[in-house]
Structures are given as structure tokens and as C-alpha cells.
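Secondary and tertiary structure notes
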Amino acid sequence: EAIRVYRTLGWELILAREQLLMDRALDRLSQVPGIRMYGPSDRSGRLGVIAFNLGQLPHALVSAILSQEWAIGTRSGCFCAHPYVKSLLGIDESAAVALERAILAGDRSAMPGAVRVSLGLSNTLEEIDRLGDALEAIAAGRYGSDYRLDPEHGDYISGSDDTC
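Let us look at the structure shown here. Source: prediction; values computed, not measured.

1. So, the side chain of Arg46
Here Arg46 lies in the loop between strand S1 (35-38) and strand S2 (49-54). The buried charged residue Arg46 lacks any salt bridge, with Asp23 as its nearest oppositely charged partner at 8.4 Å. A distance of 3.5 Å separates the side chain of Arg46 from the backbone oxygen of Val49, its partner in a polar contact.

Below is the structure:
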């Protein structure tokens, strides 16, 4: 079905829609206090993916809050690109070795990374605005206080999350 939709709409329309979403997201997210977005500054041809960090908050906590309190799906971590993400974050070799030792010892509480949102044909401009509103609330400290870090996995779990 997805292939049929893509063929019906055509790549030009799909790419134009993704560019519209990306432009709106980059503009909206740049208004969030404390956000640091990663990726090329040239918007033309940029994929519908935005990686970011929010102030000093752990990436996994931001991702958990977006999911738990705003029903916004994201991914956090190094995205199977550990050397690249370590470079983006400015992690030097000695810090990388210390992180690797902690991970091997079963402690992922200081895992470096970022939050990633992916945009596509099914997304709306309203969803992008909602993401911006959510990130502004998180940056201002307006979120639940019952998150706890699972050091073994590096994830944050809400006390109200019955699934974990």
C-alpha cells in the first residue's frame, strides 16, 4: 500500500511536502530556549530528520517526557552512529574510554547521545507545533517529577508507566 501511495503522489510532491515540514520544524524548534540542533545548516536536500539536545537535560529523559506526557515518539541515543555522535558532542578519546568502561561494567547512566525526530508524509504542521510547545514546556521545567533512571539500560522510566 505504501508503494502505491508513493507512486500515486509522485516523488516531487513527497519531497516538497517533506521540505515544507523540515523548514517548519527547523524554524519552530530554533525558538525553543536551550535547544541545540545538529545537522547541516543548508536546508536544501536535507532529510526529514532532526537530532537535538535540550539544555543540560539528558537526551533519554527528554525523549521519555515527550513520549509519556505528550505522546510524541522520538528516538534517543547514538542512533547506531557512535563515532559520529561522539564527534558531534565533542567527546574526546579519554572521555570515550571512561564511558566505554562504565558501559562494560553495566552502567549506561551517562550514555551520550541526542534526541531524534523523524518527519514524513503522514506528519502535519500542527504536530510540529505541538513538538515545539512540548520542548518549550520541558525547557521551562514543566513536566512530571517521577522519572527515574535505569542505569543498566540508560533509560528514564516514569512512575506512572505501568509497562516497564
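2. Some details on the pairing of strand S4 (residues 114-118)
Note: S2 against S4, 4 bridges, orientation antiparallel. Of the residues in S4, the one forming a bridge with Phe52 is Val115. Pairing of strand S3 (residues 75-77) with S4 involves 3 bridges; the strand directions are antiparallel. Of the residues in S4, the one forming a bridge with Arg75 is Arg116.

3. A look at the layout of surface pockets
The calculated volume of the largest pocket comes to roughly 300 Å³. Lining the largest pocket are 16 residues, with Tyr38, Gly39, Val49, Ala51 and Tyr84 positioned closest to its centre. Contributions of two or more residues to the lining of the largest pocket are made by S2, helix H4 (82-89) and S4. For the lining of the largest pocket, the element with the most residues is H4, which contributes 4 residues. Its residues assigned to classes, the lining of the largest pocket comprises 13 nonpolar, 1 polar and 2 charged. Of the voids in this model, the second largest pocket is the one considered here, and its volume is about 250 Å³. If you go around the second largest pocket, you meet 15 residues; those closest to its centre are Leu57, Pro58, His59, Met111 and Pro112. Residues belonging to the lining of the second largest pocket are distributed by class as follows: 7 nonpolar, 7 polar and 1 charged.

What counts, and at which threshold
Within each chain, residue numbers correspond to sequence positions counted from 1 in written order. Under the rules for a predicted model, residues below a pLDDT of 70 receive no local features and side-chain atom pairs below 80 are neither given nor counted, while totals for whole chains, interfaces and linings still include all residues. Side-chain measures were taken over the full set of non-hydrogen atoms in the model, leaving aside hydrogen atoms and water. Runs of H or I in DSSP of at least four residues are treated as helices and runs of E of at least two as strands, each being numbered from the N terminus. Whether a residue is buried, partly exposed or exposed follows from its accessible area with a 1.4 Å probe, protein chains only, as a fraction of its type maximum: under 20%, in between, or over 50%, in that order. Within this scheme the basic residues Lys and Arg register as positive and the acidic residues Asp and Glu register as negative, but His and the chain ends are omitted. Counted as salt bridges are all cases of a side-chain nitrogen of Lys or Arg within 4 Å of a carboxyl oxygen of Asp or Glu. A 3.5 Å cut-off defines polar contacts: any pair of N or O atoms within that distance qualifies, except that in protein one atom must be a possible hydrogen donor and the other a possible acceptor, and neighbouring residues in sequence count only when both atoms are side-chain atoms. For two strands to pair, DSSP has to find at least two bridges joining them. For each structure, a 1 Å grid was placed over the protein atoms alone; sets of points admitting a 1.4 Å probe that cannot get out are labelled cavities, open sets with protein on both sides within 12 Å along at least five of seven lines are labelled pockets, and lining residues have an atom within 4 Å of a point. Grid points are joined across faces, edges and corners, and a volume is the space filled by probe spheres set on the points. Gly counts as polar in this scheme, as do all residues outside two lists: the nonpolar Ala, Val, Leu, Ile, Met, Phe, Trp, Tyr, Cys and Pro, and the charged Asp, Glu, Lys and Arg.

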